[in-house]
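Chain by chain, the residues:
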Amino acid sequence: MNPATGETLREFAVAADAEVHAAVLRARAAQSAWNEIGAKQRVAVLREFQRLLHKKKLEVATLITREAGKPLVEALLTEVLVVLDAARFCVENAFAFLRERPVPHGSLAMKTKVGRILREPYGVIAIISPWNYPFSIPATESLAALVAGNAVVLKPSELTSLTALELASLLYEAGVPKDVFQIIIGDGATGSALLNAEIDKLVFTGSVATGKRIALAAAACLLPVVLELGGKDPMLVLDDADVDVASSGAVWGAFVNAGQACLSVERCYVHRTLYDAFLEACVRKTMLLRMGNGLNPQTDIGPLIRERQLRNVEAQVEDARLQGARVLIGGARRPEFGSNFYAPTVLAEVTHAMRIMREETFGPVLPIVAFDNDDQAIRLANDSDFGLAASVWTRNRARGMSLARRIQAGTVMVNDTVACFGISEAPHGGIKASGLGRTHGIFGLEEMVRLKYVDSDRLPEIKKVWWYEYGEGFTRQMEGFIDLMFAPGLHQKLRGALRATGAFLRKGRL
């Protein structure tokens, strides 16, 4: 459905369990050949994908807007641009990343050995992706998996399946074999079937509740997973911050994609000396935001994805209102724009007893709290089950960096917010209830490979000292060898070397 208009865009049949398992078997059969073409060839395919996406950028962005509701310019910047840059990162870094690397041996006992680190694909990577960023999230994860030599089976949200199919079309045109990248259309039951298929790893983005169920199921078969489970990101505005800049950052960070972003500003803490001025600035700037269909270039705020999401936002705002929060602007539906529109909302006098400060909201709400000093601000920021991202706003960069180190989050930005998702080199992921593992950057590539250590001996015709036979004399010799390597004084090292000499001359019984 188009959430702005209610128009039915397309209907799909839900994939049955047998279809899901068959898709995974096809992916497994095709993966070896994809891996064997080599990293250079796969990089060339991604380069072609990048070219095709750039050519079709407006067409892809328009589809995203029709299906997810966000303003067209946001579809271009937070989806298409992010994926173009992710492709750039893979093209520039994948070959060097996948190259074998030597492992130096520091131990004297192992100096005759030569070690290498190999990075090998898992095989079949399953990806379950959400509706809020239906192109950038699955695409960045899929590009990393594919360039590392994996096959991918993607289950997109049932609310944004068309965007996933467009991703597949671009990849196929670029040269990815159809069995190497497959789309499975369906609902939660389809995702469960994919989890229970013969996959080698799962990358999931979604709710904490579903993530916990996936973790339990994965534990039963030791299936490795990456889980990005959302956030309740704090924004700290220090007493030396620029109120005009910080308030603009707060308004954009809270309301981008109608607040339906894991990295949204969902808790805003402002130093008491700036509190009133900051509230006034946020309300004034929120009043200027224009709601409507995202295809209208004048639109700043589009719809929520569906009625259920709108009801969740309403319930949290009403809970805050009943407990004493002040609604400075918004706080109500806007049916004149459509059934899924909710007014951008600024709340004051909120507390951590309210749901709006504890639960992920995923809607256009900016709750603002005053604090008195930096230590209190850090305590408030860390008082959350989530730990995805955070931001600190200050004119003093060193101060901001110092406080950033004290915040419990996977990412902390100083004087910006949300944009970290668009930095291809930066790892994306959180701590606590925000999940496990990372996507994006080198650490995202690491999630797509298994590490293998390969060792060979330079002296293959010589028996090793530590092989049988054991005995009292051999024990003394090995004690001396340990002294040679680790004794604190030169005299003790030399004595150890003399005691160890016999070990290298013995032939052993076997």
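A short tour of the structure in this document, coming up. (Residues numbered from 1 in each chain as written. Predicted model: local features only at pLDDT ≥ 70, side-chain atom pairs only at ≥ 80, totals over all residues. Heavy atoms only, no water.)

**Things to note about the packing of aromatic side chains**
For the record, the criterion: Here is the rule: rings of Phe, Tyr and Trp (six-membered ring for Trp) pair when centre to centre is within 6.5 Å. Planes less than 30 degrees apart are stacked, more than 60 are edge-to-face, and the remainder are tilted.
Applying the stated criterion to the full structure yields 6 aromatic pairs. Aromatic pair Y470 and F474: ring centres 6.0 Å apart, planes at 0°, arrangement stacked. Grouping aromatic residues by their ring pairs yields a cluster made of Y468, Y470 and F474.

**A closer look at the state of the cysteines**
Let me state the cut-off plainly: In plain terms, two cysteine sulfur atoms within 2.5 Å form what is called a disulfide here. Partly exposed describes any residue whose relative accessible area lies between the buried limit of under 20% and the exposed limit of over 50%, with all areas from a 1.4 Å probe on protein chains only and scaled to the type maximum.
According to the stated counting rule, one finds 0 disulfides in the structure shown. Looking at the unpaired C262, the closest cysteine sulfur is the one in C420, lying at 11 Å. The class for C420 is buried, based on a relative accessible area of 8%.

**A short note on the environment of R333**
Heads up, the condition is: Each helix corresponds to a stretch of at least 4 residues labelled H or I by DSSP, and each strand to a stretch of at least 2 residues labelled E; elements are numbered beginning at the N terminus. Contacts between residues were defined by any pair of non-hydrogen atoms, one from each residue, lying within 4.5 Å. Think of a polar contact as two N or O atoms within 3.5 Å of one another; within protein, one of them needs to be a possible hydrogen donor and the other a possible acceptor, and neighboring residues in sequence only count if both atoms come from side chains.
By the secondary structure assignment, R333 is in the loop between β10 (326-329) and β11 (345-348). Accessibility expressed as a relative area gives 29% for R333, which makes it partly exposed. Separated by 23 residues in sequence, R333 and L310 place their C-alpha atoms 8.3 Å apart. Excluding its chain neighbours within four sequence positions, the residues that come into contact with R333 are E307, L310, R311, E314, S339, F341 and Y342. Reaching out from R333, the side chain makes a polar contact with the side chain of E307 at a distance of 2.8 Å. Here the side chain of R333 touches E314 through a polar contact of 2.8 Å, side chain to side chain.

**Regarding the pattern of salt bridges**
Note the following rule: By definition here, a salt bridge exists when the distance from a side-chain nitrogen of Lys or Arg to a carboxyl oxygen of Asp or Glu is within 4 Å.
Applying the stated criterion across every chain, the model contains 38 salt bridges. Across the salt bridge formed by E79 and K70, the nearest N and O atoms sit 2.7 Å from each other. We classify E79 as buried; its relative accessible area is 0%. Since its relative accessible area comes to 1%, K70 is described here as buried. Of the charged contacts, one joins R116 and E100 as a salt bridge, the two residues approaching to 3.4 Å between their closest N and O atoms. Here the residue R116 occupies a position in strand β2 (residues 113-121), and E100 occupies one in the loop between α4 (72-98) and β1 (101-103), the gap between them amounting to 16 residues.

**With respect to the sheet that holds strand β4 (residues 151-155)**
In plain terms, the rule: Between any two strands, at least two bridges found by DSSP are needed for them to pair. For every element, the axis is a line fit to its C-alpha atoms; helices are fit only across the contacting stretch, and the angle between N-to-C directions ranges from 0 to 180 degrees.
One open sheet holds the 6 strands; their spatial order is β5-β4-β3-β6-β7-β17, and the pairing between them is mixed. Each edge of the open sheet carries a strand with a single partner, namely β5 (181-183) and β17 (435-436). Here strand β6 (residues 201-205) pairs with strand β7 (residues 225-228) via 4 bridges, running parallel. From the neighbouring strand, V203 faces β7, where its bridge partner is V226. Seen against the sheet, helix α8 (residues 208-220) touches β6 and β7 and runs at an angle of roughly 170° to β7.

**Brief notes about the side chain of S384**
In this structure, S384 sits in the loop between α12 (374-382) and β13 (386-387). Note on S384: relative accessible area 9%, which makes it buried. Non-local contacts of S384, meaning those with residues more than four positions away in its chain, are made with K232, R267 and K432.

**Some remarks on the pairing of strand β14 (residues 389-393)**
The side chains of a regular strand alternate between both faces of the sheet. Applicable threshold: The path from the first strand over the helix to the second decides the hand: if it runs clockwise while the strands point away from the viewer, the crossover is right-handed.
Burial within β14 is extensive, with 5 of its 5 residues counted as buried. Residue alternation in β14 divides its side chains into two sets, A389, S391 and W393 and A390 and V392, and both sets are buried. With 3 bridges connecting them, strand β8 (residues 233-237) and β14 associate as parallel partners. Paired with L236 across the two strands is V392, which belongs to β14. You can see the chain leave β14, run along helix α13 (residues 397-404) and come back into strand β15 (residues 411-414), and the turn it takes is right-handed.

**Re the sheet that holds β8**
Within the open sheet, the 7 strands sit side by side as β10-β11-β12-β9-β8-β14-β15. Their pairing is mixed. The open sheet has two free edges, formed respectively by β10 and β15, since each of these has just one partner strand. Averaged over all adjacent pairs, the angle separating strand axes in this sheet is 25°, with direction ignored. Each of β8, β9 (265-271), β11, β12 (365-371) and β14 touches helix α9 (residues 243-255); the most contacted strand, β12, lies at about 140° to it.

**Considerations on the nonpolar core**
Using the following cut-off: Only buried residues count toward a nonpolar core, which is a set of Ala, Val, Leu, Ile, Met, Phe, Trp, Tyr and Cys residues joined through side-chain atoms within 4.5 Å.
Counting 79 residues, the largest nonpolar core has F49, L53, L143, F181, I199 and L202 as its most contacted members. With 58 residues, the next largest nonpolar core counts C268, L304, F341 and V350 among its residues.

**Considering the packing of helix α1 (residues 17-36) against helix α7 (residues 188-195)**
We count it as follows: Roughly parallel means an angle under 35 degrees; roughly antiparallel, over 145; roughly perpendicular, 65 to 115; everything else is oblique. When the near helix sits turned anticlockwise from the far one by under a right angle, the crossing is termed left-handed; a clockwise turn instead gives a right-handed crossing. Residue classes follow a fixed rule: Ala, Val, Leu, Ile, Met, Phe, Trp, Tyr, Cys and Pro count as nonpolar, while Asp, Glu, Lys and Arg count as charged, and any other residue, Gly among them, counts as polar.
Packing of α1 against α7 brings their axes to within 9 Å, and their N-to-C directions diverge by 40°. When the interaxial angle is binned, α1 and α7 end up oblique. Of the two possible hands of crossing, α1 and α7 adopt the one that is right-handed. Facing α1, whose interface residues are D17, V20, H21 and V24, α7 presents T190, A193 and L194. Residue composition of the contact of α1 with α7, by class: 4 nonpolar, 2 polar and 1 charged.

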